[in-house]
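What the coordinates show
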Amino acid sequence: MQKIILTGATGGVGFQLAKKIISSDIGKLYCVYRNRQKYEDMFDKEGLFPEGYLLENKDDFSGLINLLDGDEHEAENIVLILNAFSIIPIASIGTFATEEIEEMIYGNITRNVLMLNRVVEYCKKNDIGLRVINLDSGAADHPLNGWSNYCASKAYMNAMLATLASENPDYQIVSFDPGVVDTDMQAKIRNTDKNIFNRVDTFIEYKERGVLRKPEDIADQIIDRYLLNWNPQSMREKAV
Ligand SMILES: NC(=O)c1ccc[n+]([C@@H]2O[C@H](COP(=O)([O-])OP(=O)(O)OC[C@H]3O[C@@H](n4cnc5c(N)ncnc54)[C@H](OP(=O)(O)O)[C@@H]3O)[C@@H](O)[C@H]2O)c1
């Protein structure tokens, strides 16, 4: 049996992914979240009770490892879906507040790296295969005003995973860019001051023209391309 760890299970793409994985027999799902009330409200409402893992402050992920170990079924392989990322703060360089930057870097980089580190350690110790599906963004390659920390955190995780692949040629790793998806993240982007993010009108227009992708369709693509099948043509792929 494969065990699937999904971060950001309460988000736009994450929740759709969780629901679809639960209703399939792809593997056992472990939903990682930071807001217990939001998590319970969303999943209880749907009558869904997957295994959940509430993030701790300065988490060393021993709780997550205990959860994996405590399961009666041994994992044949682990799938880690790194979906939780924040775009906040959207702010110009020169105006950063230390705390917001530290929080964003902790959430987008430090915590992802620590979790990855723990999961790799666990897989090696138990001789289990690993597949990592990272949610990528065009922002990793293209500077967007006000998004510097988000751009940099996406680029950081891509470089981290490229190195993981180099160190472990047997691991299956992909960074998947979902395109522009109709979630809270896009709502936050549309709410930005034009003087900070100069392309805000373009994103408002995307929404008005109805060209945003549906999170459920993105979840279907991830499941079809990387959970049910595995045939990426490159380490970085985009939604079709
Ligand atoms: N939406 C797009 O247009 C778009 C485009 C390109 C790439 N992506 C990528 O696709 C992925 C999913 O995005 P989405 O649109 O579904 O985002 P979303 O709706 O904003 O959801 C993000 C999820 O990540 C969690 N999260 C955010 N920051 C966190 C932190 N510091 N610690 C723990 N959890 C945190 C959120 O938790 P809460 O529910 O508690 O807030 C939420 O569950 C992200 O990696 C995003 O960068 C999205």
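Check the entry above for the structure.
Structure report, in brief. (Residues numbered from 1 in each chain as written. Predicted model: local features only at pLDDT ≥ 70, side-chain atom pairs only at ≥ 80, totals over all residues.)

1. Comments concerning the site of the ligand
- Around the ligand there are 25 residues in total, and Gly8, Gly11, Gly12, Gly107 and Thr183 lie nearest to it.
- Elements represented by at least two residues in the shell around the ligand include exactly α1 (12-22) and α6 (184-190).
- Its residues placed into classes, the shell around the ligand shows nine nonpolar, 12 polar and four charged. (Near = placed C-beta within 6 Å. Helix = DSSP H or I, 4+ residues; strand = E, 2+ residues; numbered from the N terminus. Nonpolar A, V, L, I, M, F, W, Y, C, P; charged D, E, K, R; others polar.)

2. Comments concerning the packing of α1 against helix α8 (residues 215-227)
- In the contact formed by α1 and α8, the axes pass within 8 Å of each other and the chain directions differ by 55°. Taken together, the axis directions place α1 and α8 in an arrangement best described as oblique. Two packed elements cross with a definite hand, and for α1 against α8 that hand is right-handed. Contacts between α1 and α8 involve Gly12, Val13, Gln16, Leu17 and Lys20 from the first element and Pro215, Glu216, Ile218, Ala219, Ile222 and Ile223 from the second.
- Grouping the constituent residues of the contact of α1 with α8 by class yields seven nonpolar, two polar and two charged. (Axes fitted to C-alpha atoms, helices over the stretch in contact; angles between N-to-C directions. Parallel < 35°, antiparallel > 145°, perpendicular 65-115°, else oblique. Left-handed = near helix turned anticlockwise from the far one by under 90°. Contact = placed C-beta atoms within 7 Å.)

3. Thoughts on unusual backbone geometry
- Cis peptide bonds are those with omega within 30 degrees of zero, and the linkage from Ile88 to Pro89 qualifies with 10°.
- Positive phi outside glycine occurs at Phe61, with the angle close to 65°.
- Mapped onto the fold, Phe61 is located in the loop between β3 (51-54) and α3 (62-70).
- For Asp127, which is not glycine, the phi dihedral falls at a positive 55°.
- Topologically, Asp127 is positioned in the loop between α4 (98-126) and β5 (129-135).

4. Thoughts on the nonpolar core
- Core analysis: the largest hydrophobic core is formed by 46 residues, its most contacted members being Ile5, Leu6, Cys31, Leu80 and Ile81.
- Excluding residues within four positions of it along the chain, Cys31 makes contact with Leu6, Ala9, Ala18, Pro50, Gly52 and Tyr53.
- In terms of nonpolar packing, the next biggest core, distinct from the first, is built from seven residues, Ile87, Ile90, Ala91 and Tyr150 among them. (Core = buried A, V, L, I, M, F, W, Y, C linked by C-beta atoms within 7 Å. Buried ≥ 20, exposed ≤ 12 C-beta atoms within 10 Å, placed from the backbone.)

5. A look at the sheet that holds strand β4 (residues 77-82)
- Taken together, the seven strands give an open sheet; going across it, the order is β3-β2-β1-β4-β5-β6-β7, and neighbouring strands pair in parallel fashion. Because the sheet does not close on itself, it has two edges, and the strands there are β3 and β7 (236-238). Across this sheet, the average inter-strand angle for adjacent strands is 20°, counted without regard to direction.
- Its contacts with the sheet place α8 against β4, β5 and β6 (172-177), and it is angled at close to 155° to β6. (Pairing = 2+ DSSP bridges.)

6. Let's talk about the pairing of strand β1 (residues 2-7)
- Where burial is concerned, most of β1 is hidden: five out of the six residues are buried.
- In this sheet, β4 lies alongside β1 in parallel orientation, the contact comprising five bridges. Each residue of the ladder has a partner; that of Leu6, found in β4, is Ile81.
- Bridge count between β1 and strand β2 (residues 28-33): five bridges; the pairing is parallel. For Thr7, the partnering residue across the bridge sits in β2 and is Val32.

7. Some thoughts on α1
- Taken across its 11 residues, α1 has eight buried, putting it largely inside the fold.
- Here α1 has its buried residues at Gly12, Val13, Gly14, Phe15, Gln16, Leu17, Ala18 and Ile21.

8. Comments concerning the environment of Thr7
- With respect to the secondary-structure elements, Thr7 resides in strand β1.
- Distance from Thr7 to Leu80, taken between C-alpha atoms, is 8.2 Å for residues 73 residues apart in sequence.
- Sequence-distant contacts of Thr7, that is, excluding residues within four places in its chain, are made with Val32, Ile81, Leu82, Asn83 and Ala84.

Functional significance is not addressed by these values, which are geometric in nature.
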